[in-house]
Amino acid sequence: MSTRTPRRTRTALAVAAIAGSAALATFPLTTASASEGGVAVQYRTSASGATADQSEPWLKVRNTGATSVALNQVKIRYYFKADSPTATYRFACSWAVKGCSAITGTFGTLANPTATADRYLEIGFTSAAGSLAPGADTGDMQLRFHQANWQTLTQGDDYSFQGAPTSYTDWTKVTAQLAGVNVWGTAPAGNEPTEPPTTPPTTPPTTPPPGGGATLFDDFSYTSHTDPALAAHGWNVRSNSGGPGVPGATWDPSKVTFVSQSGNTVMNLETSSAGTGASTTHTEVLTKASKFRNGTYAARVKFSDAPKYGPDGDRIVQTFFTINDLKAPMADDYAEYDFEYLPNGGWGEPANILYTTSWETYNPDPWQAVNQHSESRTSFAGWHDLVVTIDDSRITYYVDGAVFGTHDAAYLPERPMSINFNQWLVDLNGQTSTTPRAYDQQVDYVLHVKDQVLTPAQVTARLAALRGAGTTFVDEVPAS
């Protein structure tokens, strides 16, 4: 990407659910299953302040019974005090072991408001979440909600909020129902958790939108960065100076090479440094045209945890993203959608982390950002299939066929974008040695299908058809 600073504003939201819609039908009551089993809820938060841009109840559900529990029979309620009588809220799942697509979030209003609660967030599960065996838990569910108008919210006086724990702890101010029966926690006085939520769950679309289908596909079957076909096919290998990255570094086209692996040509981006800005080279390849907007974007990318030579530890960023230009600070027609892997941490993170981030806008100085992100703190070294889809209601990120993050309509693009790959250093603080070192990021292919939302399986099928037909490059996407 081209406009990153160390500070990140966590404004992730995934499934819009605004209080005030029509009520749902009453939950089915299956007393037998409830009497045979039980669940406990653990809680922590990554937003521990009394005020925050969003509340972040991170939850785990554990089966405390002797029989298996179907998660689609479980409902969890987190209780809070609305910031004003007319406030509306939006829910987000930024990451979950079970997958965000298997989790729903709805808001409801308490029949008997108290000094610390008049609303609740109810978390449910689709059948895709499966079951919990006795003693098993769901793992992390990194959930969030915020005011629909983006105003700072007060959470220090919320019934279910607790800012102190830094690890998951049993928390009885969050309630859980199993098959319609309360089996965990205590609701605010006078409010047994029996009333249905006031808004229905939001689920992803099951079919792609009609129309569209114009395709960009490139297998990166080139000989070098000077291959005339590379420019003829609409690619620019960056050589101009500027951010992001280490001040004084250069963007070196010669470090973009094309290598054979098992009979297949892949693009290799090399970034190197000897501990100074002048010795640091970054690499970037991007489309000349900004003509891509809604639809499906896919690439197979190889991330690296360690340098190919020299000492490890640099805060390097390896990416696949789309972007357009920021015409003015906080301009609302800016757009950017990122996969960013930091094998050695950075931006306040101590170790490897993969981000997906959807940007609405930002102000470079003083720094202010409006974005949302999902993350996973684990190694992603090796080849990965990366897919992001954009339609008229959401942005969905996939890694290796699984949903990684789903972001809200507030971040949809207003203008077309370019497609980009780059590799660069955040700074030189992670590794201060003056010994030369270099890192590689590789790209097998890139695919964009205009105005169609494809599943990862459909992407795989489209790729197989293109390669099966001997196609190495096609660009049917019209100029914007």
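See above for the structure.
Peer 1: For the packing of aromatic side chains, give the residues involved together with the corresponding values.
Peer 2: One pass over the structure, following the stated rule, counts 27 aromatic pairs. Ring geometry for phenylalanine 107 and phenylalanine 145: centres 5.8 Å apart, planes at 70°, overall edge-to-face. Of this pair, phenylalanine 107 sits in strand β7 (residues 103-109) while phenylalanine 145 sits in strand β10 (residues 141-147), and the two are 38 residues apart along the sequence. Like phenylalanine 145, phenylalanine 107 is buried.

Peer 1: Just give me the short version of the environment of alanine 50, but keep the residues and values in it.
Peer 2: Checked against the element boundaries, alanine 50 lands in the loop between β1 (39-45) and β2 (51-52). Among the residues examined, alanine 50 registers a relative accessible area of 48% and is labelled partly exposed. Residues alanine 50 and glycine 156, 106 residues apart in the sequence, show an inter-C-alpha distance of 4.0 Å.

Peer 1: Residues and numbers for the nonpolar core, please.
Peer 2: When a protein is soluble and globular, its nonpolar side chains tend to lie buried together. Grouped together as the largest cluster of nonpolar side chains are 40 residues, with contacts concentrated most on Phe220, Trp235, Met267, Tyr297, Phe320, Ile395 and Phe421. Top element by residues in this core is strand β21 (residues 295-303). It accounts for 4 residues. Those residues in contact with tryptophan 235 that lie beyond four places of it in its chain are Asp218, Phe220, Tyr222, Leu230, Val285, Leu286, Thr287, Lys288, Ile419, Phe421 and Val446. If you look at the next biggest cluster of nonpolar residues, it comprises 36 residues, including Phe91, Ala96, Ile123 and Met141.

Peer 1: I'd like a rundown of the pattern of salt bridges, residues and numbers included.
Peer 2: Considering all chains together, one arrives at 21 salt bridges under this definition. The partner of arginine 467 in a salt bridge is aspartate 444, and the shortest N-O contact between them spans 2.7 Å. Here aspartate 444 lies in strand β30 (residues 437-450) and arginine 467 lies in helix α3 (residues 456-468), a separation of 23 residues in the sequence. Residue classification places arginine 467 among the partly exposed positions, given a relative accessible area of 29%. Using a relative accessible area of 7% as the deciding quantity, one classes aspartate 444 as buried. Three or more residues are tied together by salt bridges with common partners; here these are Lys255, Glu270, Lys308 and Asp440.

Peer 1: Give me the lowdown on the sheet that holds strand β8 (residues 119-125), citing residues and values where you can.
Peer 2: Judged by pairing direction, the sheet is antiparallel, and its 5 strands sit side by side in the order β7-β8-β5-β13-β14 without closing on themselves. The sheet terminates laterally at β7 and β14 (181-184), the two strands that pair on one side only. Going across the sheet, the axis of each strand differs from the next one's by a mean of 30°, ignoring polarity. Examined bridge by bridge, β7 and β8 share 7 bridges and lie antiparallel to one another. Bridge pairing links glycine 108 to tyrosine 120 in β8.

Peer 1: Which residues make up the environment of glutamine 318, and what values do they have?
Peer 2: Mapped onto the secondary structure, glutamine 318 falls in strand β22 (residues 316-323). In the structure, glutamine 318 is positioned 16 residues away from lysine 302 in sequence and 9.1 Å away in space, judged by C-alpha atoms. With residues up to four places along the chain from it excluded, the contact list for glutamine 318 reads Phe303, Ser304, Phe339, Glu340, Tyr341, Pro343, Asn422, Gln423, Asp440 and Gln441. Polar contacts involving the side chain of glutamine 318 include one to the side chain of glutamine 423, which spans 3.1 Å.

The rules behind each value
Residues numbered from 1 in each chain as written. Predicted model: local features only at pLDDT ≥ 70, side-chain atom pairs only at ≥ 80, totals over all residues. Heavy atoms only, no water. Phe/Tyr/Trp six-rings, centres within 6.5 Å; stacked < 30°, edge-to-face > 60°. Helix = DSSP H or I, 4+ residues; strand = E, 2+ residues; numbered from the N terminus. Buried < 20%, exposed > 50% of the residue type's maximum accessible area, 1.4 Å probe, protein only. Core = buried A, V, L, I, M, F, W, Y, C linked by side-chain atoms within 4.5 Å. Contact = heavy atoms within 4.5 Å. Salt bridge = Lys/Arg side-chain N within 4 Å of Asp/Glu carboxyl O. Pairing = 2+ DSSP bridges. Axes fitted to C-alpha atoms, helices over the stretch in contact; angles between N-to-C directions. Polar contact = N/O pair within 3.5 Å; in protein donor to acceptor, adjacent residues only side chain to side chain.

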